[in-house]
Amino acid sequence: MDPQHAALLAKDIGAGLATIGVAGAGVGIGNLFGAFVSAVGRNPAARDTMFRDVLLGFALTEAVALYALVIALVILFT
Amino acid sequence: MAGPSIDALGQFRLTTGLGPLGASVNFTNSNEAMLAAAVIIVIFFFVGLRARAMIPGRTQALVEILYEFVRNMCVDTIGEGGLRYFPLVFTLFSFILLGNLIGLFPYFFAFTSHIAVTLTLALFVFLFSTGVGFYTHGLRFFKFFVPEGVPVWLLPLLVPIEIISYLSRPVSLSVRLFANMTAGHVMWEVFAGFMLMLTGSLGILGIVASIIPLGLNVALVALELLVAGLQAYVFAILTCLYLHDAVHMH
């Protein structure tokens, strides 16, 4: 295998590895909504006020996954 | 690879708009989208608030809901004196919201998917909140970096951490918005590319099979609609939080 192809292959493998970081965000979002469901089970009246904070937490957690995606894109396209 | 390939980032390429006049001053499609967003907001508010009805119609009700939503967010998050910064937060919120929403339409340009745009907005928020901090507290604002109730021997460790986390605010604020919008549009492009690949390589069977990526794209539109609103909200509420830190120092 010549070095140029090897470099391309390494690029693809690196981008694939970079996406592993998304697993952490999956755990985070699962935790978030799990806690939300059990909290609503205890106190259904507080659902609407809690849901706003949950959405904020969801957006903040999802952003972490997107940082991993940005790194993958940077590896792939530069 | 034979057949069509996926050019996921081609959609973010800047081209000049408005004919030869636009080309001579480098007026890009991104600027067109920004101008459209600003004009749409102004016209929308002008039309919505012209009636001034006691019982609002649909447009007026939407304008009032937006206004009250951001106003409550300002008052609740910044606390005392939060109304002073309401115009800034409301401008940022509506500009980013319209930018995200305009970008969802085909053949339109999502200017919030460019890091240059989001970083400019985030840097402005960062510098403004720092300025507010120094304006209200003077040099005592540096005490913001010294956490209270911590043993003195820990301070050499904690103060640099506080400073670094403060300085990383514009980075996280801008990358969050940019990455969310870019990721959504790239996903659309990738699934649309799958459709082209399937029809190009498998014939009739491919046309039938490409219903799956098409359905996924339809579902993604719903998700992106949520993300567009949510990211504008997050940007606005984080602006409020930074202003709260600057005004109240804790």
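Basis of the calculations
Residues numbered from 1 in each chain as written. Chains lettered and ligands numbered in written order. Predicted model: local features only at pLDDT ≥ 70, side-chain atom pairs only at ≥ 80, totals over all residues. Helix = DSSP H or I, 4+ residues; strand = E, 2+ residues; numbered from the N terminus. Rg over C-alpha atoms; globule rule 2.2 N^0.38 Å. Buried ≥ 20, exposed ≤ 12 C-beta atoms within 10 Å, placed from the backbone. Contact = placed C-beta atoms within 7 Å. Nonpolar A, V, L, I, M, F, W, Y, C, P; charged D, E, K, R; others polar. Expected span 1.5 Å × (residues − 1). Core = buried A, V, L, I, M, F, W, Y, C linked by C-beta atoms within 7 Å. pLDDT = per-residue confidence, 0-100. Axes fitted to C-alpha atoms, helices over the stretch in contact; angles between N-to-C directions. Parallel < 35°, antiparallel > 145°, perpendicular 65-115°, else oblique.

1. Considerations on the overall build of chain A
Along its length, chain A carries three helices and zero strands. Helices and strands appear in chain A in the N-to-C order α-α-α. Taking 78 residues into account, the globule formula puts the C-alpha radius of gyration at 12 Å, and chain A, at 19 Å, lies well above it. Overall size of chain A, expressed as C-alpha extent along the three principal axes, is 65 × 20 × 10 Å. In chain A, buried positions account for 8% of the 78 residues.

2. Remarks on the overall build of chain B
The secondary structure content of chain B amounts to nine helices and zero strands. Secondary structure elements of chain B, listed N to C terminal, follow the sequence α-α-α-α-α-α-α-α-α. Taken over C-alpha atoms, the radius of gyration comes to 23 Å for chain B, far larger than the 18 Å a tight globule of 250 residues would show. Viewed in the frame of its principal axes, chain B has a C-alpha envelope of about 70 × 55 × 40 Å.

3. Side note on the interface of chain B and chain A
If you look at the interface, chain B gives 10 residues, while chain A gives nine residues. When contributions to the side of chain B that touches chain A are tallied by element, the ones reaching two or more residues are helix 7 (169-202) and helix 9 (211-248) of chain B. Element by element, the count of residues in the side of chain B that touches chain A is highest for helix 7 of chain B, at five residues. Class assignment of the residues belonging to the side of chain B that touches chain A gives a composition of seven nonpolar, two polar and one charged.

4. Examining helix 2 (residues 29-50) of chain B
Residues and elements named next belong to chain B. Under the 1.5 Å per step criterion, the end-to-end length of helix 2 is 31 Å for 22 residues, consistent within 8% with the ideal 32 Å. Residues of helix 2 that are buried in the fold lie against helix 3 (58-78) and helix 4 (86-103). Arg 52 sits one or two residues past helix 2 and shows a positive phi near 50°.

5. Concerning helix 3 (residues 47-77) of chain A
The terminal C-alpha atoms of helix 3 of chain A lie 43 Å apart, and with 31 residues this matches the ideal 45 Å at 1.5 Å per residue to within 8%. Among all positions in helix 3 of chain A, only A:Ala59, A:Glu62, A:Ala63, A:Ala65, A:Leu66 and A:Leu69 are buried. At its buried positions, helix 3 of chain A is contacted by helix 2 (22-42) of chain A together with helix 7 and helix 9 of chain B.

6. As for the nonpolar core
Residues B:Ala232, B:Phe235, B:Ala236 and B:Cys240 are the most contacted members of the largest nonpolar core, which totals 47 residues. Mapped by element, the contributors of at least two residues to this core are helix 3 of chain A together with helix 2, helix 3, helix 4, helix 5 (115-137), helix 7 and helix 9 of chain B. In contact with B:Ala232, not counting residues within four places along its chain, are B:Phe93, B:Ile96, B:Leu97 and B:Asn100.

7. Observations concerning the confidence of the model for chain A
In the predicted model, chain A carries a mean pLDDT of 87, and 100% of its residues have values of at least 70. At the level of individual helices and strands, chain A shows its lowest average pLDDT in helix 3 of chain A, which scores 83, and its highest in helix 2 of chain A, which scores 93.

8. Here we look at the packing of helix 3 of chain A against helix 7 of chain B
Between helix 3 of chain A and helix 7 of chain B, the shortest axis-to-axis distance is 9 Å and the interhelical angle comes to 70°. With respect to their mutual orientation, helix 3 of chain A and helix 7 of chain B come out roughly perpendicular. For the pair formed by helix 3 of chain A and helix 7 of chain B, the contact residues are A:Ala63, A:Leu66, A:Tyr67, A:Leu69 and A:Val70 on the first element and B:Val175, B:Arg176, B:Ala179, B:Asn180 and B:Ala183 on the second.

9. Brief notes about unusual backbone geometry
One non-glycine residue, B:Tyr107, lies in positive phi territory at about 70°. Tracing the backbone through its elements, the reader meets B:Tyr107 in the loop between helix 4 and helix 5.

10. Quick word on the confidence of the model for chain B
Residues and elements named next belong to chain B. Per-residue confidence for chain B gives a mean pLDDT of 86; residues scoring 70 or more make up 98%. Per-residue pLDDT, averaged within each element of chain B, yields its smallest value for helix 1 (residues 19-24) (75) and its largest for helix 4 (93). With a pTM of 0.84, the predicted complex shows an ipTM of 0.70.

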